[in-house]
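Residues per chain are reported as follows:
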Amino acid sequence: MSETKEKRMFTVKEMVLTALFAAIMVVCTWITIPVQPVPFTLQTFAVFCAVSVLGGKKSFFSVLTYILLGMVGIPVFSGFSGGISVLFGKTGGYIVGFLFIPLIYMLSEKLLGKNIIVLICTLIVGLAVCYIFGTAWFIFVYSKGGDTVSVSQALKWCVIPFIPFDLLKMALAVAVSVRVKKLIEK
């Protein structure tokens with residue numbers, strides 16, 4: 001029994017693009033400015049590009065592929081690190097939090113349709129959810145080590161310095177993705 005295009009989860013082109021964006025996430029993660037306790041990377045730029053170009057479902061699998069590569073020990077996380085210990089470390093919640101961005105966009109696509117305003121609003125909400133999840137995880141892991149950190153201190157370390165840069169990366173990703181999407185659809 002042959003499968004029709006509608007029954008397949010992804011076409012070959014979609015699988016290649018999904019894998020390509022996972023690879024782009026790896027490369028963008030390696031571009032790092034080591035700031036403590038959370039390094040500055042271009043990781044979010046790649047996630048924003050994936051969501052903008054691939055849509056919710058395919059970008060979710062792209063981010064998931066990136067995370068799974070890191071979990072098995074391939075050095076895809078910042079500082080050329082890998083392994084499940086990174087995800088269970090202080091900054092692991094931000095990495096896992098990237099999955100919320102495509103999930104939220106997937107829901108928005110179904111409820112509100114696909115347009116640039118929905119995309120931008122969804123990326124902002126997804127980033128906020130990623131920040132919330134990552135900060136909660138940071139506080140949990142930090143406190144588990146015997147130290148304590150307040151929510152305001154965690155936000156000062158892990159979120160506030162990154163907001164302007166993440167918004168800039170988001171704007172660039174949306175602008176780049178509009179052109180890339182046109183090229184891919186040809």
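Quick caveat, the model's predicted, so the values are computed rather than measured.

About the thresholds
Residues numbered from 1 in each chain as written. Predicted model: local features only at pLDDT ≥ 70, side-chain atom pairs only at ≥ 80, totals over all residues. Heavy atoms only, no water. Phe/Tyr/Trp six-rings, centres within 6.5 Å; stacked < 30°, edge-to-face > 60°. Helix = DSSP H or I, 4+ residues; strand = E, 2+ residues; numbered from the N terminus. Buried < 20%, exposed > 50% of the residue type's maximum accessible area, 1.4 Å probe, protein only. Contact = heavy atoms within 4.5 Å. Salt bridge = Lys/Arg side-chain N within 4 Å of Asp/Glu carboxyl O.

Chemist: Would you mind going over the packing of aromatic side chains with me for this structure?
Modeler: Aromatic rings in a pair are described by how distant their centres are and how their planes are angled relative to each other. According to the stated counting rule, one finds 12 aromatic pairs in the structure shown. When the centroid spacing of 6.3 Å and the interplanar angle of 50 degrees are considered together, the rings of F88 and W137 count as tilted. Of this pair, F88 sits in the loop between α4 (84–87) and α5 (92–97) while W137 sits in helix α7 (residues 116–144), and the two are 49 residues apart along the sequence. The class of F88 is exposed, set by a relative accessible area of 53%. On the basis of relative accessible area, W137 is assigned to the partly exposed category, the value being 22%.

Chemist: Hey, could you run me through the side chain of T122 in this one?
Modeler: Locating T122 in the fold gives a position in helix α7. Every residue in contact with T122, bar those within four places of it in the chain, is listed here: I104, Y105 and S108.

Chemist: Mind showing me how you'd approach the pattern of salt bridges here?
Modeler: Should their charged atoms come close, side chains of opposite charge can pair. Counted according to the given criterion, the structure contains 3 salt bridges. When the shortest N-O distance is used, the salt bridge between E14 and K58 registers 3.5 Å. Taken together, the residues span a long stretch of sequence, with E14 in helix α1 (residues 12–30) and K58 in helix α3 (residues 56–71) at a distance of 44 residues. A salt bridge links D166 to K169, with the shortest nitrogen-to-oxygen separation between them at 2.9 Å. Within this pair, D166 and its partner K169 are both found in helix α9 (residues 163–185), separated by 3 residues, close to a single helical turn. For the pair D166 and K169, one class covers both residues: buried.

Everything listed here is a matter of geometry and, on its own, says nothing about what the molecule does.
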